[in-house]
Amino acid sequence: MKTTLVLGSFLAPAALPAPSGSGAGGEGGSGSRFSAILISGYVSMVDPLVTAQFIPQHQPAIEQARITPPRSRTNTLPRRRIDQLLAMASELPLTLVAAPPGSGKTTALVRVARHGGWSTAWCRMDSNDTPSSLIHHLAAALAMVTPSNPLLTIPDGPDSADLLAAFHLLLAHMAAALEDDTLLILDDYHHADQRPELRAVIEYLAAHLPPRLHLILATRYEPLLNSLATARARGEALFINQSDLAFNLEEATALFAQIGLGAPSNLDSVLIEARGWPLVLRLLGEALGHHPKPNADLVNLTAPLDAFFQHEIVEPLPAQLRDLLRDTAVLRWLDSRVCAALLPPNAEPELAEELMRRVSFIEMMTDRRLVYQPLFAAYLVRAAAQATDLRAAHVRAARYFRLVADLPEALHHLFAAGDTDGAADLLEQTADTWRTDGNAPALLDWLARLPEPQRNRPGLLLLSAAAHRHLGHFDIALADYVAADSAALHCADDQRRALALRGQAEIYLDTVQPTPAAALLTKALKLLPRELIAERSAIL
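This is a predicted model, so every value here is computed, not measured. (Residues numbered from 1 in each chain as written. Predicted model: local features only at pLDDT ≥ 70, side-chain atom pairs only at ≥ 80, totals over all residues. Heavy atoms only, no water.)

Draft legend 1. Layout of the overall build of the chain. Of the regular secondary structure elements, the chain holds 28 helices and 11 strands. Taking all 540 residues of the chain together, the buried fraction comes to 49%. Pairs at least 24 apart in sequence give 69% of the contacts found in the chain among residues at least 6 apart. Put simply, the chain shows about 25900 Å² of open surface, and 53% of that area lies on carbon and sulfur atoms. (Helix = DSSP H or I, 4+ residues; strand = E, 2+ residues; numbered from the N terminus. Buried < 20%, exposed > 50% of the residue type's maximum accessible area, 1.4 Å probe, protein only. Contact = heavy atoms within 4.5 Å. Areas by Shrake-Rupley, 256 points an atom, 1.4 Å probe, with all protein chains shown as cover.)

Draft legend 2. Representation of the packing of aromatic side chains in the model. Inspection of every chain in the model, using the stated rule, returns 13 aromatic pairs. Their ring planes at 65° and their centres at 5.7 Å tell us that Trp 277 and Phe 308 sit as a pair that is edge-to-face. One end of the pair, Trp 277, is in the loop between helix 11 (267–274) and helix 12 (278–290); the other, Phe 308, is in helix 13 (residues 302–314), with 31 residues separating them in the sequence. In this structure, Trp 277 and Phe 308 share a single accessibility class: buried. (Phe/Tyr/Trp six-rings, centres within 6.5 Å; stacked < 30°, edge-to-face > 60°.)

Draft legend 3. Quick look at the packing of helix 24 (residues 458–470) against helix 25 (residues 474–490). At a minimum axis separation of 8 Å, helix 24 and helix 25 run at an interaxial angle of 165°. Between helix 24 and helix 25, the angle falls in the class roughly antiparallel. Viewed along their axes, helix 24 and helix 25 form a crossing whose handedness is left-handed. Taking contact as the criterion, the partners of Pro 458, Leu 461, Leu 462, Ser 464, Ala 465, Ala 466, His 468 and Arg 469 in helix 24 are, on helix 25, Phe 474, Ile 476, Ala 477, Asp 480, Tyr 481, Ala 483, Ala 484, Ala 487 and Ala 488. Here the residues of the contact of helix 24 with helix 25 sort into 13 nonpolar, two polar and two charged. (Axes fitted to C-alpha atoms, helices over the stretch in contact; angles between N-to-C directions. Parallel < 35°, antiparallel > 145°, perpendicular 65-115°, else oblique. Left-handed = near helix turned anticlockwise from the far one by under 90°. Nonpolar A, V, L, I, M, F, W, Y, C, P; charged D, E, K, R; others polar.)

Draft legend 4. Geometry of unusual backbone geometry. In the Ramachandran plot, Asp 188 falls in the positive-phi region, its phi being about 60° despite a non-glycine side chain. One non-glycine residue, Val 512, lies in positive phi territory at about 60°. Position of Val 512 relative to the elements: it lies in the loop between helix 26 (494–510) and helix 27 (514–527). Taking the relative accessible area as the measure of exposure, Val 512 reaches 69% and is therefore exposed.

Draft legend 5. Broad picture of the layout of surface pockets. Within this model, the largest pocket holds a volume of roughly 970 Å³. Surrounding the largest pocket, 35 residues form its lining, Arg 73, Gly 104, Thr 107, Pro 278 and Arg 282 being those nearest its centre. Contributions of two or more residues to the lining of the largest pocket are made by helix 2 (80–87), helix 3 (105–115), helix 12 and helix 13. Split into classes, the residues belonging to the lining of the largest pocket amount to 14 nonpolar, 10 polar and 11 charged. In this model, the second largest pocket occupies a volume close to 620 Å³. Of all the secondary-structure elements, those providing two or more residues to the lining of the second largest pocket are strand 4 (94–98), strand 9 (237–240), helix 9 (242–245), helix 11, helix 16 (350–358) and strand 10 (362–364). Counting residues per element, the lining of the second largest pocket draws most heavily on strand 10, at three residues. Grouping the constituent residues of the lining of the second largest pocket by class yields 15 nonpolar, six polar and six charged. (1 Å grid on protein atoms, 1.4 Å probe; cavity = no way out; pocket = protein on both sides within 12 Å on 5 of 7 lines; lining within 4 Å. Points joined across faces, edges and corners; volume = space filled by probe spheres on them.)

Draft legend 6. The pattern of salt bridges, seen in detail. Following the criterion strictly, the structure yields 29 salt bridges and no others. With its nearest N and O atoms 3.6 Å apart, the salt bridge here joins Asp 323 to Arg 326. Of this pair, Asp 323 and Arg 326 both sit in helix 14 (residues 319–327), three residues apart, which is roughly one turn of the helix. Where Arg 457 meets Asp 425, a salt bridge forms, and the shortest distance between an N and an O atom there is 2.7 Å. Here Asp 425 lies in helix 20 (residues 420–429) and Arg 457 lies in the loop between helix 23 (452–455) and helix 24, a separation of 32 residues in the sequence. Overall, the relative accessible area of 32% leaves Asp 425 in the partly exposed class. Members of the salt-bridge network, linked through shared partners, are Asp 421, Asp 425, Glu 428, Arg 457, Asp 493 and Arg 496. (Salt bridge = Lys/Arg side-chain N within 4 Å of Asp/Glu carboxyl O.)

Draft legend 7. Summary view of the sheet that holds strand 9. The strand order 5-7-8-4-9 describes an open sheet built from five strands, whose pairing is parallel. In this open sheet, the two strands that pair with only one neighbour each are strand 5 (119–124) and strand 9. Between one strand axis and the next, the sheet turns by 15° as a mean value, whatever way the strands run. Of the strand pairs in this sheet, strand 4 and strand 9 are connected by four bridges, and their pairing is parallel. (Pairing = 2+ DSSP bridges.)

Draft legend 8. Representation of empty space enclosed by the protein in the model. All chains considered together, the criterion is met by one cavity of 30 Å³ or more. Glu 273, Ala 274, Arg 275, Trp 277, Phe 309, Phe 361, Gln 373, Pro 374, Leu 375 and Phe 376 together form the lining of the largest cavity. Of all the secondary structure elements, the ones that give two or more residues to the lining of the largest cavity are helix 11 and helix 17 (374–387). Tallying contributions element by element places helix 17 first for the lining of the largest cavity, with three residues. Of the residues in the lining of the largest cavity, the class split is seven nonpolar, one polar and two charged.

Here it is as structure tokens:
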């Protein structure tokens, strides 16, 4: 049986009353101002001339698969923890389930729709949606859960006022007709994220949600919705993310048992590396089913995971974001500022924040720095290395970290770019900073990475000697100071020679050998011009 709710376009959006429990025919007689309602084969509140005027000749075809929850897999593992979490959606107006593809969003919501005990309308959004087709499918989905079972006929034209007027009447009807809490699940919301005209429909729905209708949005990343920020501020929204949907050890063990496999002995470490991502466990189960092994090695999943990341994460991004994502493969941690530093000169700086919003495989470390999750980070490095020379990205990153005085990160990128001269220059230029910070082990590690010609610069030998002296390695420090004196003599650098001699003297004083120290200080003093008052005073 197909019944129809036909809506016209009498009211502009600004004139629409907000739907409430009183419905379209409530106080003020607003129901009589709408075009027509054909419910269960009879006409109510209809002006025949008006009805004829606003019934369109052609309507978007309803795709039944879009308004029906997908079939559950026969081997789907029931997860009571997730069921209980999603049950809270019936207590709040808005629920956001935002997680990368393969996280089990749809699987979890299908269980709620089919077995949760609530009346549930389902609508899957589509990349080819228009406002008309979206509202039409929303209406068809909602018609399946209202007592009067109406199916809207949406104005078939570009006029947004017509569409919103029709949509408003539907929401008003729902407000009056719904007797119990009802869930409206919108799957694949990310298809609307970059489409302002579709976002406007969802914004309108969220802003005028009937009291007993609870909206659940499932998406791959947090959407650009003002209503979401409002609901968050009011405490009227439930947020479920990737970590909530991740498998824990108990669930993962049960999953392997369900498919007839023993859990790998290293399952706990696999879960840590994969962050409990359900897709990895499914792929791992398939691989072990063909080639049983006591331990699981995620290296064997490199090819399918790389293909998945490329197809599902990278390819949907605009070209500029794909390029930026490739360049961020060089970063050890992320924020919008360093991502912006990697952009080409004429690029919009907002692209950096957009990238971090749309790529879900990002997590916060204990020091509150953001990083890519291990599997995605490894994919990025492999993909970027195949696509381009990353040296330029490392150079840009080093320039940024130098400007913000993050010397370890600047050095990391200079070495990664193969610029050992630049790394040596930076170490020399920041010698006072290293001495002040007192992080001698880190300094010696950076110096050890330099090729011998750069490492034997007088200034870097002085720096190495100071670090070893700080650590109490007096013999090594003395040898470095002697080598620094020789190198400075070769360069005719009297000021550094004086520093090397003074350093040797300090080693002797540290080890209670004042006699050689006095001769070295006297020699150092003679090398310094009289105008270097501070340096001479330090020696005296």
